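Survey of secondary and tertiary structure
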Amino acid sequence: MIKFLMKMFQNFPSENDFDNWEVFNHDIYLKSSEDKKKEIRRSTCLARYNIEKDKKYSWMENYFLSKLDVDLLKDKNLLDLGSFTGGRLIAWSENYRLKKVYGIDINPVFKIAAEEFSVEKKINAEFKIGVGENLPYENNFFDFIVTTDTFEHVQNLEKSMDECFRVLKPGGMLLAVFPQFLQPFESHLNFVTNLPCLHWFFNSNEISKKYFEILKERGISAKWYNGDKDSLQEWEKLPTLNGTSIRKFENILENNDWLNVKWIKRPILTDGRKSKKLFFKILSLLFYPLIHIKYLDELFTGRICVICKK
């Protein structure tokens with residue numbers, strides 16, 4: 001049944017979607033000239049840079065600056081944890097006159113692209129390769145840490161939060177936004193299917209098993225995005241996801257001595273370009289009451305979004 005439903009609503013990633021890091025595994029990148037590779041790297045930077053420069057769609061503007069004075073960012077240093085190829089970070093540096101910006105992510109090609117783009121934009125930036133569970137920075141180093149759609153992918157979120165707390169200065173802030181596991185549209189199965197809510201009704205292991213089977217059936221054409229996996233790792237609830245729910249994240253927050261935690265709750269259907277359409281704006285209004293009811297919030301809150309002050 002699961003596999004049948006997935007194939008009924010089958011989906012395929014596009015090698016022209018420069019917001020997907022897997023493009024660097026595609027022959028369109030691997031077999032290109034050095035000039036073409038640089039052009040593709042720049043395109044991945046621009047994909048997120050342009051969104052952040054447009055305040056109508058900016059993650060910083062829409063999630064955090066409605067609750068935070070923008071002048072607090074001026075002349076501060078900021079880490080983007082999960083910076084991909086640096087597009088958002090470079091835009092933030094320009095938009096908010098930051099003193100210096102830092103980015104960290106897991107893939108060396110991300111660092112190359114980010115450094116090229118920061119030089120082009122003449123931004124004071126430093127990029128490193130690393131993971132959230134072991135941040136290569138001194139204690140009390142950053143004024144701000146921002147992380148967008150990354151915490152759902154770390155292997156140990158509790159340890160990553162401990163590391164964020166460690167490297168923030170006293171009075172520093174963590175701005176975190178990421179999809180919580182039980183919301184219907186963020187199961188991260190979109191390389192195979194765009195059918196929502198599967199994880200509401202079926203066992204995660206069974207969903208994942210069918211997901212990997214479909215990828216295998218696609219053969220060589222899916223090699224650039226299939227990850228060469230055929231089962232979940234111990235930490236995964238679904239492929240690449242650690243399964244963090246709102247309740248689980250609340251428990252993690254209690255284990256750190258945050259001076260203050262401010263939650264920013266918004267329902268499903270309030271993210272992305274489609275959310276700006278009148279139909280989705282009206283539909284999302286139906287979910288606002290539900291995100292303030294315990295347990296229902298895990299189904300209808302779009303993303304966990306917090307501002308944590310050390």
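Everything that follows concerns the structure shown earlier in this document.
Since we're looking at a predicted model, the values are computed, not measured. (Residues numbered from 1 in each chain as written. Predicted model: local features only at pLDDT ≥ 70, side-chain atom pairs only at ≥ 80, totals over all residues. Heavy atoms only, no water.)

Considering the sheet that holds strand β3 (residues 125-129)
We count it as follows: A pair of strands counts as paired when DSSP detects no fewer than two bridges linking them. Only DSSP runs of H or I reaching four residues or more are called helices, and only runs of E reaching two or more are called strands; each is numbered from the N terminus. Note on method: axes are straight lines fitted to C-alpha atoms, helices fitted across the in-contact stretch only, with angles between N-to-C directions ranging 0 to 180 degrees. Should any heavy atoms of two residues lie within 4.5 Å, those residues are considered in contact.
In spatial order, the strands read β3-β2-β1-β4-β5-β7-β6; together these seven strands make up an open sheet with mixed pairing. Edge positions in the sheet fall to β3 and β6 (260-263), since each has one partner strand and no second. Strand-to-strand twist in this sheet, taken as the mean axis angle between neighbours without regard to direction, amounts to 15°. For strand β2 (residues 100-105) and β3, the ladder comprises five bridges, and the chain directions are parallel. Bridge assignment links Gly103 to a residue of β3, and that residue is Phe127. Sheet contacts for helix α6 (residues 108-121): β2 and β3; angle to β3, the most-contacted strand, approximately 175°. Sitting on the sheet, helix α10 (residues 246-254) touches β5 (168-179), β6 and β7 (303-309), and the angle it makes with β6 is about 165°.

Notes on the packing of helix α3 (residues 34-53) against α6
Two packed helices can be described by the angle between their axes and the distance between those axes. Definition in use: Here the word oblique covers every angle except those under 35 degrees (roughly parallel), over 145 (roughly antiparallel) and from 65 to 115 (roughly perpendicular). Each residue receives one of three labels: charged for Asp, Glu, Lys and Arg, nonpolar for Ala, Val, Leu, Ile, Met, Phe, Trp, Tyr, Cys and Pro, and polar for the others, Gly being one of them.
Running from amino to carboxyl end, α3 crosses α6 at an angle of 75°, the nearest separation of the two axes being 9 Å. Classified by the angle between their axes, α3 and α6 sit roughly perpendicular to one another. Residues Lys38, Arg41, Arg42, Cys45, Leu46 and Tyr49 of α3 pack against Val109, Ile112, Ala113, Glu116, Phe117, Glu120 and Lys121 of α6. Along the lines of polarity and charge, the residues of the contact of α3 with α6 split into seven nonpolar, no polar and six charged.

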